[in-house]
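Report on the structure
These are the residues of each chain, in order.
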Amino acid sequence: MSEKFKITIDGVSAEVEPGTTILNAARQIGGDLVPPAMCYYSKLEGSGGKCRTCLVKVSKGSEKDPRPMPKLVASCRTTVMDGMEVQNITSPEVLEARKGVVEFLLINHPLDCPVCDQAGECKLQDLSYEHGAEATRYEFNRRTFERIDIGDKIQLHMNRCILCYRCVYVANQLTDNRVHGIVGRGDMSEISTYVEKAIDNDFSGNVIDVCPVGALTDKTFRFKNRVWFTRPVSAHRDCDKCCGKVTLWYKGEDVLRVTARKDEYGEVEEFICNTCRYDKKKTSDWVIDGPAQIQRQSVISANHYDGKVVPVIDKR
Amino acid sequence: MGVKILTQHSGVPGIDTFEVYRKQGGYAAVEKALKSMSPEEVLEEVKKSGLRGRGGAGFPTGLKWSFLAKPEGVPRYLVCNADESEPGTFKDRELMSRNPHSLIEGMIVSSYALGANTSYIYVRGELFYVIRILEKAIAEAYEKGLLGKNILGTGYDLDLYVQPGGGAYICGEETALIESLEGKRGNPRIKPPFPAVSGVWGCPTVVNNVETIAATSWIILNGGDEYAKIGIGRSTGTKLISACGNINQPGIYEIELGLPVEEFIYSDEYCGGIAGGKRLKAVVAGGSSVPVLPANLILKTIAGEPRLMTYESLADGGFATGTMMGSGGFIAMDEDACIVRNTWNFTRFYHHESCGQCSPCREGTGWMEKVLHRIEYGHGKMSDIDLLVDVAAKIEGNTICPLGDAAAWPVGSAIRHFREEFEWHVKEPRLSQQQNYGLAAYADPLPVPVTEES
Ligand SMILES: Cc1cc2nc3c(=O)[nH]c(=O)nc-3n(C[C@H](O)[C@H](O)[C@H](O)COP(=O)(O)O)c2cc1C
Ligand code: SF4
Ligand code: SF4
Ligand code: FES
């Protein structure tokens, strides 16, 4: 019954359900033509549209109205029309805008990956590698903050926050009595908890998993190791609060960290509870399923590429 | 003297009271619309009038109203945008405080056309005196049966509320306004969905400027065709212009669209020429977010035609040599004005007012502000000028709401037209603090007007 819409991204066509966003259509195709996403998170309702890293050019609106869209659009929030043609990596304008966005994001996010706990799992690290300039043109003081403990398990380092709002959506959608959000405006905005409150909820740990950079980190894991030296293993347990499906991160025989399982875009498959995340760090707590799939962009997967690179058709 | 629609009662003592307003013929449009016209007929008249939104973008009001979704059993809302906080724009507050009933009358007529039974006037919080005036007038209107249940016995119900805002510029952007009205942080929503489909409380909503709504009563009373006769082409009717800067007679003027800019600046009926007998250097014609133009380009288009106060004429030449009508905030700068300082000042405003949701605006406005500050205070580098152009270009068009564009346009246009002045600030940091520069290239070609002193 369902009529599908045809979309062409960088010369590669696909048929998708009406209502699909350009970003998700691109994800269905896969490979290099998938726009990067720093704020969109498929498991969080209403997310996306803010970071502007996923901007693409719509060079043909639809079969009915073939006019190009006048501005670049956020692919994570723009739905596909039948016959739409989109340029991502084939548009110099998109690459230029994306370079601009990366430059803006790096104004208040230090590229000190060697001392950041998220190194190896950070979307901004990948993005700046792909789109960043070798030097910054920004010569003014950057904003700096003290680290803040929000609860006994989570540390916030605002220096690294890129205000993607993902953790705010988690707090909104997964926890009751939200105490965590954004205060201030413009470049004075800060992630914060309500004065002196801690995030205290069975699902609070998920803010760590969604943070695309190293702003929210797991205090039980911080600096125990670099992620690329750890071995991710899929495991599950019977949990009365969550799905109980996780990734255990091993160093030798020890479980150093427990996270939700993530897909190739670094998004969790299902959110997990704090008991699974923090209190179950023995192998005997878990049923081991086997080696975990590794994120597409992670350095952990260096040399492990699964070869899913869709060729771009040269239309000259 | 041109036709006066919005300021027709100007100077009538006690016009802010129901009695006097009624005696002056007020609320006749409500009577006409509710008693003898269907909502569709009211909408049709507004369409015929060619009225365009006076809040900045100039979108045709009738067309905007016709986009309003009308699902069964779902309420619709009209929200009046009285947030007015664009630097240089100060027309709505005057209209509301001097003649509150004219807005209320417009709200009733417009709400009727849209099928809204609850409407809001969202007023910038600082304008507390305006809120008081409006609330008093609304209470009077309820008392006289012009608001509430079964208005004038016609069976139409309307409740009207005044909602004070917190005083953030971004809350003037229609979707941020809706968020704020709902009691949330005033962050713009990502469109689509547009308010016409999902606005206040997720219901179909129209957001219109004060001046737009106030004009509808006259249109209903006199007919859309009469309104369309005023003005030129697609710029119909009258427009309030708030004029300020280095002019002899700053103030709010109601002009017929089509008035030559030159006449507006130099005639005694309006701005009365440049103060102190000085020469005009630059104009920001539509509030601080529109591109600034040097005197020669604001007076004449690039084709040498006189520039007119119409949407089309002001925009003639695109952003290369033209500007926008915007909200009608007309800021004139004389030969002594420092463009760099002025641009820095505007940018300071946008930096302060960015909501911070999207990366280009959040980070870019602050960056531009810092670079401009450095140039203005004599520590700039030549490369800063191109850096500003590039940063502005990377913000423009890439943000969620038009505040990003509003921040980028003043910078881009100032450098486009006054680059030498920026360069001079870099080259001669001390001199640039003391004397004006570049007048010969930019100032108006007219003879210096004779003033009393000279
Ligand atoms: C940052 C920003 C601030 C705005 N402020 C106002 C305002 O104070 N008053 C207003 O009427 N429109 C303002 N607007 C325009 C509104 O979003 C909207 O277009 C307008 O209220 C529509 O009314 P109109 O169709 O009658 O012009 C602003 C827009 C932006 C982007
Ligand atoms: S703390 Fe992390 S998840 Fe939260 S807004 Fe900042 S970058 Fe995003
Ligand atoms: S452009 Fe600026 S004000 Fe508008 S949504 Fe983005 S950050 Fe907020
Ligand atoms: S991922 Fe689309 S704007 Fe952030």
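Along every chain, residues carry numbers that run from 1 in the direction the sequence is written. Each chain takes a letter, starting from A, and each ligand takes a number, starting from 1, following the order in which they are written. For this predicted model, a pLDDT threshold of at least 70 governs which residues receive local features, and a threshold of 80 or more governs which side-chain atom pairs are given and counted, while totals over whole chains, interfaces and linings are taken from all residues. Hydrogens and water molecules were not included; the side-chain quantities draw on all heavy atoms of the structure.

We define proximity as follows: a residue is near a molecule or strand when any one of its heavy atoms falls within 4 Å of that partner. Neighbouring residues of ligand 2: Cys161, Ile162, Leu163, Cys164, Tyr165, Cys167, Ile191, Cys211, Pro212, Val213, Ala215 and Leu216 of chain A. In terms of residue class, the shell around ligand 2 is built from 12 nonpolar, no polar and no charged. Under the scheme applied, nonpolar residues are Ala, Val, Leu, Ile, Met, Phe, Trp, Tyr, Cys and Pro; charged residues are Asp, Glu, Lys and Arg; polar residues are all the others, including Gly.

All names here are of chain B. Strand pairing is assigned whenever DSSP detects at least two bridges linking the two strands. Helix numbers and strand numbers start at the N terminus; a helix is a DSSP run of H or I with at least 4 residues, a strand a run of E with at least 2. Read from one edge of the open sheet, 5 strands run E8-E7-E11-E9-E10, paired in mixed fashion. Every other strand in the sheet has two partners, leaving strand E8 (251-256) and strand E10 (292-294) as the edge strands with one partner each. Adjacent strand axes in the sheet meet at a mean angle of 30°, parallel and antiparallel pairs treated alike. By the bridge criterion, 6 bridges tie strand E7 (residues 238-245) to E8 in an arrangement that is antiparallel. Bridge pairing links leucine 240 to glutamate 254 in E8. Residues are treated as being in contact if the distance between any of their heavy atoms lies within 4.5 Å. Each axis is a line fitted through C-alpha atoms, taken for helices only over the stretch in contact, and angles between the N-to-C directions span 0 to 180 degrees. With respect to the sheet, helix H18 (residues 403-427) is in contact with strand E9 (280-284) and E10, its orientation differing from that of E10 by roughly 25°.

All names here are of chain B. Lining the immediate surroundings of ligand 1 are 18 residues, of which Gly55, Asn81, Glu84, Asn209 and Thr212 lie closest. Throughout this description, a polar contact denotes any pair of N or O atoms lying within 3.5 Å of each other; where both atoms belong to protein, one of them has to be capable of donating a hydrogen while the other can accept it, and for residues adjacent in sequence the pair is counted only when both atoms sit in side chains. Within the contact set of ligand 1, an oxygen atom lies 2.7 Å away from a backbone nitrogen or oxygen of glycine 55. For ligand 1, an oxygen atom lies 2.7 Å from a polar atom in the side chain of asparagine 209. Computed with a 1.4 Å probe, the accessible areas rest on the Shrake-Rupley method; for each residue, only the protein chains presented here act as cover. When ligand 1 is considered free in solution it has 610 Å² of accessible area, and contact with the protein chains removes 89% of it.

So, about the sheet that holds strand E1 (residues 5-9) of chain A. All names here are of chain A. Read from one edge to the other, the open sheet built from 5 strands follows the order E2-E1-E5-E3-E4, with strand pairing classed as mixed. Where the open sheet ends on each side, the last strands, each with one partner, are strand E2 (12-16) and strand E4 (73-74). The pairing of E1 with strand E5 (residues 84-87) spans 3 bridges and is classified as parallel. The partner of isoleucine 9 across the bridge, within E5, is valine 86. On the sheet, helix H2 (residues 92-107) packs against strand E3 (55-60) and E5 and is oriented at approximately 160° with respect to E3.

Our next topic: the interface of chain B and chain A. With 34 residues of chain B at the interface, the matching set in chain A holds 32 residues. Across the chain B to chain A interface the summed buried area is about 2,800 Å²; carbon plus sulfur atoms make up 51%. Salt bridge, as used here: a side-chain nitrogen of Lys or Arg that lies within 4 Å of a carboxyl oxygen of Asp or Glu. Linking chain B to chain A there are 6 salt bridges. Its salt-bridge partner being lysine 71 of chain A, residue aspartate 405 of chain B comes within 3.9 Å of it at the nearest N-O pair. Counting across the interface, chain B meets chain A through 20 residue pairs in polar contact (both at pLDDT 80 or more). Counting residues per element, the ones that place at least two in the side of chain B that touches chain A are helix H15 (339-353), helix H16 (359-376) and helix H17 (382-395) of chain B. With 10 residues, H16 of chain B is the largest single contributor of residues to the side of chain B that touches chain A. Summed over both partners, buried area is the accessible surface (1.4 Å probe) that two parts give up on being assembled.

By convention here, two paired aromatic rings are described through the distance between centres and the angle between planes. Between rings of Phe, Tyr and Trp, where Trp is taken as its six-membered ring, a pair exists when centres lie within 6.5 Å; planes separated by under 30 degrees are stacked, by over 60 edge-to-face, and by other angles tilted. According to the stated counting rule, one finds 20 aromatic pairs over all chains in the structure shown. Taken together, a centroid distance of 5.4 Å and an interplanar angle of 40° make the contact between phenylalanine 264 of chain B and tyrosine 270 of chain B tilted. Taken as a pair, phenylalanine 264 of chain B and tyrosine 270 of chain B share a single burial class, namely buried. Measuring from ring centre to ring centre gives 5.7 Å for tryptophan 344 of chain B and tyrosine 377 of chain B, while their planes differ by 90°; the resulting arrangement is edge-to-face. Note that tryptophan 344 of chain B is positioned in helix H15 and tyrosine 377 of chain B in the loop between H16 and H17, a separation of 33 residues in sequence. Type-normalised accessible area, obtained with a 1.4 Å probe on protein chains alone, sets the label of each residue: buried when under 20%, exposed when over 50%, and partly exposed for intermediate values. For tryptophan 344 of chain B, a relative accessible area of 8% translates into the label buried. On the accessibility criterion, tyrosine 377 of chain B (37% relative accessible area) is partly exposed. Site record: aromatic cluster; members linked through ring pairs are Phe104, Tyr138 and Phe140 of chain A together with Trp367 of chain B. For a ring to carry a charge above it, either NZ of a lysine or CZ of an arginine must fall within 6 Å of the ring centroid while also lying within 35 degrees of the normal to the ring plane. A cation sits over an aromatic face here: arginine 348 of chain B above tryptophan 344 of chain B, 4.8 Å from the ring centre.

Here we take up unusual backbone geometry. Each neighbour pair has its own omega, and for lysine 191 of chain B with proline 192 of chain B the value is -10°, a cis peptide bond. Of note, the phi angle at leucine 163 of chain A is positive, near 55°, even though the residue is not glycine. If you trace the backbone, leucine 163 of chain A turns up in the loop between strand E7 (154-156) and helix H4 (166-174).

Residue and element names in this part refer to chain A. Taken domain by domain, chain A consists of domain 1 (5-103), domain 2 (108-218) and domain 3 (227-301). Look at where the C-alpha atoms of domain 1 and domain 2 centre, and you get two points 26 Å apart. Facing the 18 residues of domain 1 at the interface are 19 residues of domain 2. With both sides pooled, the region where domain 1 packs onto domain 2 buries about 1,600 Å², and carbon together with sulfur makes up 66% of that total. Summed over the three residues of domain 1 that lose the most area to domain 2, namely Met38, Leu44 and Val102, the buried surface amounts to 40% of that side. Between arginine 137 and glutamate 103 there is a salt bridge; the shortest N-O distance is 2.8 Å. Run the count over domain 1 and domain 2 and you get 8 residue pairs in polar contact (both at pLDDT 80 or more). Residues belonging to the side of domain 1 that touches domain 2 are distributed by class as follows: 9 nonpolar, 3 polar and 6 charged. Domains are outlined according to an automatic or database domain assignment.

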